[in-house]
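Each chain, letter by letter, is given below.
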Amino acid sequence: MAEILKGKVVANQLKENMRRDIEELAKANKVPSLAIIRLGDNPGDISYEKSIVKNCNNIGIQSKVIERDVNITTEDLVELIEKLNKDDDISGILIFRPLPKHINEEIIRNTISPLKDVDCMNPLNLEKIFEGQMDGFAPCTPKAAMKILEYYDIPLEGKNVVVVNRSMVVGKPLTMMLLKENATVTICHSRTKDLDKVTNNADIVIVALGKAKFFDEKYFNDKSIVIDVGVSLDQNGKLSGDVDYDNVFQKVSKITPVPGGVGSVTTTILLSQVVLASKDN
Ligand code: NAP
């Protein structure tokens, strides 16, 4: 049976560090603050927003929710972001994604100030990740996966790591973070052939498909370390990862649960980046 790599302890350790940083900032009369822009009333966004606001309150970060109609124009959204860019009382800006289809995402990504870009939307911040500079803002989900590996002392140097995802929010930045730690990384996607053979040859497998219980035992060996980033609903409407957890858990050496794994660290990473933004602004 596998060791369960729970996210909560990782998040707690990050929060402890954050509390210390927030105390230091208070001495300089600085209070970290996050502006959250929500377009429309998507239930998923509202639930994420509630969780972020609650976490901000608990740790001493101010938060301000700005709700706009889902039909807002790109121009009006740009105007709002520019106002927040100039607002000294705001350290970080978060815009819920995916943006409505009519919004020009490229314009929005380039409008958000790189200094307040706590969700790493601006290409300038993403570029830093691709250049191996990991001390700025990073996409929260891959950073959460990295923090879990670090917390549980899982060595990466020289290890074979398979990442099943090639998106710009998860797979590609995650690959750069793993390379920085000297892992040997293979990226897989929907056109990869014999995926089970590839994952079976890896020391660590990180999956982010968004297909509930897709990965059964055949994808892993008894030494596999499995990090499950996927979040979706299974046939019974229950929150599930990409891994068929109950069965795979019996076989592999370490595994993150869903819920309670990567997702439980992601929000804390976002907050830590608000604190970072407050230090720099
Ligand atoms: P995405 O853009 O849809 O990426 C999915 C990836 O999976 C793509 O690279 C796709 O390949 C690959 N894929 C799909 N079917 C496959 C198959 N049968 N075999 C191999 N690869 C396959 O999604 P995303 O935005 O990156 O998010 C992925 C998952 O992560 C979702 O479940 C999302 O909910 C979750 N997520 C979790 C968190 C968290 O905090 N835990 C945060 C963000 C996202 P192609 O490129 O070839 O299409």
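As the structure is a prediction and not an experimental result, all values here were calculated from the model. (Residues numbered from 1 in each chain as written. Predicted model: local features only at pLDDT ≥ 70, side-chain atom pairs only at ≥ 80, totals over all residues. Heavy atoms only, no water.)

Before going further, it helps to examine unusual backbone geometry. The omega torsion of the bond from Arg97 to Pro98 falls at 0 degrees, within 30 degrees of zero and hence cis. Mapped onto the elements of the fold, Pro98 is located in the loop between strand 4 (92–95) and helix 4 (105–111). Cis rather than trans, the peptide bond between Val258 and Pro259 has omega equal to 0 degrees. Checked against the element boundaries, Pro259 lands in the loop between strand 11 (254–255) and helix 10 (262–280). Its identity is not glycine, yet Asp153 carries a phi of approximately 55 degrees, on the positive side. (Helix = DSSP H or I, 4+ residues; strand = E, 2+ residues; numbered from the N terminus.)

Turning to the domain arrangement of the chain, a few remarks are in order. Domains assigned within the chain are domain 1 (27–113) and domain 2 (140–263). The straight-line distance from the C-alpha centre of domain 1 to that of domain 2 is 29 Å. (Domains from an automatic or database assignment.)

Turning our attention to the sheet that holds strand 4. Read across the sheet, three strands follow the order 3-2-4 without closing on themselves; strand pairing throughout is parallel. On the outer flanks of this sheet lie strand 3 (62–68) and strand 4, each paired with one strand and no other. The mean inter-strand angle of the sheet, taken between neighbouring strand axes irrespective of direction, is 20 degrees. Two elements, strand 2 (residues 33–39) and strand 4, share four bridges in a ladder whose sense is parallel. Counted as the bridge partner of Leu34 is Gly92 from strand 4. Each of strand 2, strand 3 and strand 4 touches helix 2 (residues 43–59); the most contacted strand, strand 2, lies at about 170 degrees to it. (Pairing = 2+ DSSP bridges. Axes fitted to C-alpha atoms, helices over the stretch in contact; angles between N-to-C directions. Contact = heavy atoms within 4.5 Å.)

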